[in-house]
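# A look at the structure
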Amino acid sequence: MNINPVLLKEAKVRMRGWRAAGIVALYLVILALVTIFVAYDSYNNIYSSTIDPGRSVGTYSALAVIQFILILFIAPALTAGAISGEREKQTLDLLLCTKLPTRSIILGKLVASISQIILLIIASLPVFSVIFMFGGISIAEIAQLFMFYIITAIAAGSIGIFYSSHMKKTTASTVLTYGTGAFMILGTLFIAWIYMGIFRDNNYKEIFPLLYANPLVGFVSLISEQFGGQGSLAGFLPGIGRTYTGTTKGMSPWIINLIFDGALTVLLITLSARKINPVKRKISIFKKKKI
Amino acid sequence: MLKIKDLVKTYGKFVAVNNLNLEIPQGEIYGFVGPNGAGKTTTMKIISGLLTATSGEVMVDNVDVTRNSRKIKESIGYMPDFFGVYDDLKVTEYLDFYASIYKIKEKERKKITDDLLELVDLSNKRESYVDSLSRGMKQRLCLARSLIHNPKLLILDEPASGLDPRARVEMKEILRNLKDMGKTILISSHILSELAELCTHIGIIDNGKMVISGSVSEIMQQVYSSRVIKLKVNDKLEQAEMVLKEFPNIDKITLGENTIQAGFEGSDQDMSRILATLVTRGIPVVTFSQLDGNLEDVFMKVTRGGEVQ
Ligand SMILES: Nc1ncnc2c1ncn2[C@@H]1O[C@H](COP(=O)(O)OP(=O)(O)OP(=O)(O)O)[C@@H](O)[C@H]1O
Ligand SMILES: [Mg+2]
């Protein structure tokens, strides 16, 4: 089997020294602190010494939210400099003049970054296992959540790669990547909010289509579904809360969101690989017919 | 091996390479000389598949580089004029990385890496981090990198720039070794004399156009067709000057204390005729010699001509 040489090299360099271990440690400290804080807080509020599954549900969602936010911040940071960094270091030409296809360069970079995210997610398992002891959450649900994390991270990473291959400077790429992320999360919500305010009354039971692209909407829908559609998180997102009052049928928003992420990833990777290829072929619909 | 036909590259309205023609037979070393901005790097990037030509044809081993660029890249080793190295990689790991790109088997990699490090004289640095190497060492490492897949054609963009005199000599030595190994090499430089002793062919490019090209001896002939002669006499300086002025192919006579320098265009026979005339006229000639034809003079003359146009 041939492992992608870029991936292999990136893995070697990224895991070297204390940096990788440092990032994992810092990440775990943040997660653990939040967990302790939330768990302690819910103990105090409930004034009860018995173990209550409802309490672990609260801790679980808090932990899930924090991890989600951390991933959304870390994934683009790992990829936004992937190609532009090579350009700035003047090493990109040395890669492009080899026989390595540009697609392999892009995929190698993306997979290396995603592996780092997966490492963080796996490292967070012990923290999640604490909730596990309290009960109320199943392994299947945690697996579902982690899968959602990973696919979201891949999509976020692809956005970073996309800008990184189109921009000369890493700073420009980083700004655009986070800008796009902000638009996908906050911008789409804002548009949905305005749309509903103007055109719809309170009986509107569907999700504004643009929101399927919103990872936060997907995340909230996943968590609410895990709690049987009564999650309190859903209330503040326009359109979502109503969906989960049990009236809407069909595919869950988080599944549609993941499908969207997958399609977006394929598109962005293709465009990035094309962008950095110095000898572009003209796209022609008629080319295949000729042969 | 390499054949360039009517190559044109434009950036917007600016023509960087203008109808360039060039051919390098197998096993030859072609020196590509020109001033800053002449279009050397642009041409070399097109050959290496890092830029697309606006028009024209580049053939490597009779295959068009744009047709089958991945296949072609296997037979080309390219060393850019400016390049960086990864930090966090050791010399052996660096070469190993590029070897893995060409799917060289793990068993063979060690031997290839060892041989290449030997060739570029970096064997004692194999465990150093690449970004800790000096500039000259990085340059040699980059050369080794471009050789990792044993390419037939080497495209070297100013491999000696920024090197100290000793390192230049060493670089030249390495290139000579490569020539003996049967590689075909295209090498660029600003300095004509640096390439003259190494190359079999030379092309001078200016403003994207090939001004002169040919074998080194042909270029030398052009150099020597306008040579400078130096004459030392014991006495009769003025008479000697009068004699020289009779020859139509002598100009720019300058007088020293008892020497005369003059520009001369013509063959060796013409030159011996001048000496014979001087002697028969009774001029006490002490020495009669030709100043070393200066390649840089030709370079300046040829390239400045292009600028005026
Ligand atoms: N990306 C670009 N956009 C616009 N013009 C360019 C670009 N790259 C090169 N040029 C122009 O093309 C011309 C040829 O450049 P090139 O780098 O090939 O010269 P060169 O012979 O390698 O010079 P040097 O000896 O300085 O390395 C220059 O005038 C340069 O300004
Ligand atoms: Mg150059």
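Above this text you will find the structure in question.
## Here's the deal with the sheet that holds strand E7 (residues 153-156) of chain B
Residue and element names in this part refer to chain B. Here six strands make up an open sheet; going across it, the order is E6-E7-E8-E3-E9-E10 and the pairing mixed. Every other strand in the sheet has two partners, leaving strand E6 (76-79) and strand E10 (209-215) as the edge strands with one partner each. On average, each strand axis in the sheet is inclined to that of its neighbour by 15°, with strand direction left out of account. As defined by bridge partners, strand E9 (residues 201-206) adjoins E10 across six bridges and the pair is classed as antiparallel. Residue pairing across strands places histidine 201 opposite serine 215, the latter belonging to E10.

## Description of the interface of chain B and chain A
The interface is formed by 34 residues belonging to chain B together with 23 residues belonging to chain A. Counting the surface lost from both chain B and chain A, the interface buries some 2,700 Å², and carbon and sulfur atoms represent 60% of this. Remark: the boundary between chain B and chain A carries four salt bridges. Across the pair Glu74(B) and Lys99(A) runs a salt bridge, and its minimum N-O distance is 3.6 Å. Inspection of the chain B/chain A interface yields seven residue pairs in polar contact (both at pLDDT 80 or more). If you list the elements that add at least two residues to the side of chain B that touches chain A, you get helix H2 (69-74), helix H3 (91-101) and helix H5 (135-146) of chain B.

## A short note on the site of ligand 1
All names here are of chain B. The environment of ligand 1 is formed by 13 residues, the closest being Asn36, Lys40, Thr41, Thr42 and His190. Within the complex, the protein chains bury 61% of what would otherwise be the 640 Å² of accessible surface of ligand 1. The set of elements that each furnish at least two residues to the shell around ligand 1 consists of strand E2 (14-24) and helix H1 (40-47). Among the elements that make up the shell around ligand 1, the one with the highest residue count is H1 (three residues). For the shell around ligand 1, the class distribution of residues is five nonpolar, six polar and two charged.

Rules of the game
- Residues numbered from 1 in each chain as written.
- Chains lettered and ligands numbered in written order.
- Predicted model: local features only at pLDDT ≥ 70, side-chain atom pairs only at ≥ 80, totals over all residues.
- Heavy atoms only, no water.
- Pairing = 2+ DSSP bridges.
- Helix = DSSP H or I, 4+ residues; strand = E, 2+ residues; numbered from the N terminus.
- Axes fitted to C-alpha atoms, helices over the stretch in contact; angles between N-to-C directions.
- Contact = heavy atoms within 4.5 Å.
- Buried area = accessible area lost by both parts, 1.4 Å probe.
- Salt bridge = Lys/Arg side-chain N within 4 Å of Asp/Glu carboxyl O.
- Polar contact = N/O pair within 3.5 Å; in protein donor to acceptor, adjacent residues only side chain to side chain.
- Near = heavy atom within 4 Å.
- Areas by Shrake-Rupley, 256 points an atom, 1.4 Å probe, with all protein chains shown as cover.
- Nonpolar A, V, L, I, M, F, W, Y, C, P; charged D, E, K, R; others polar.

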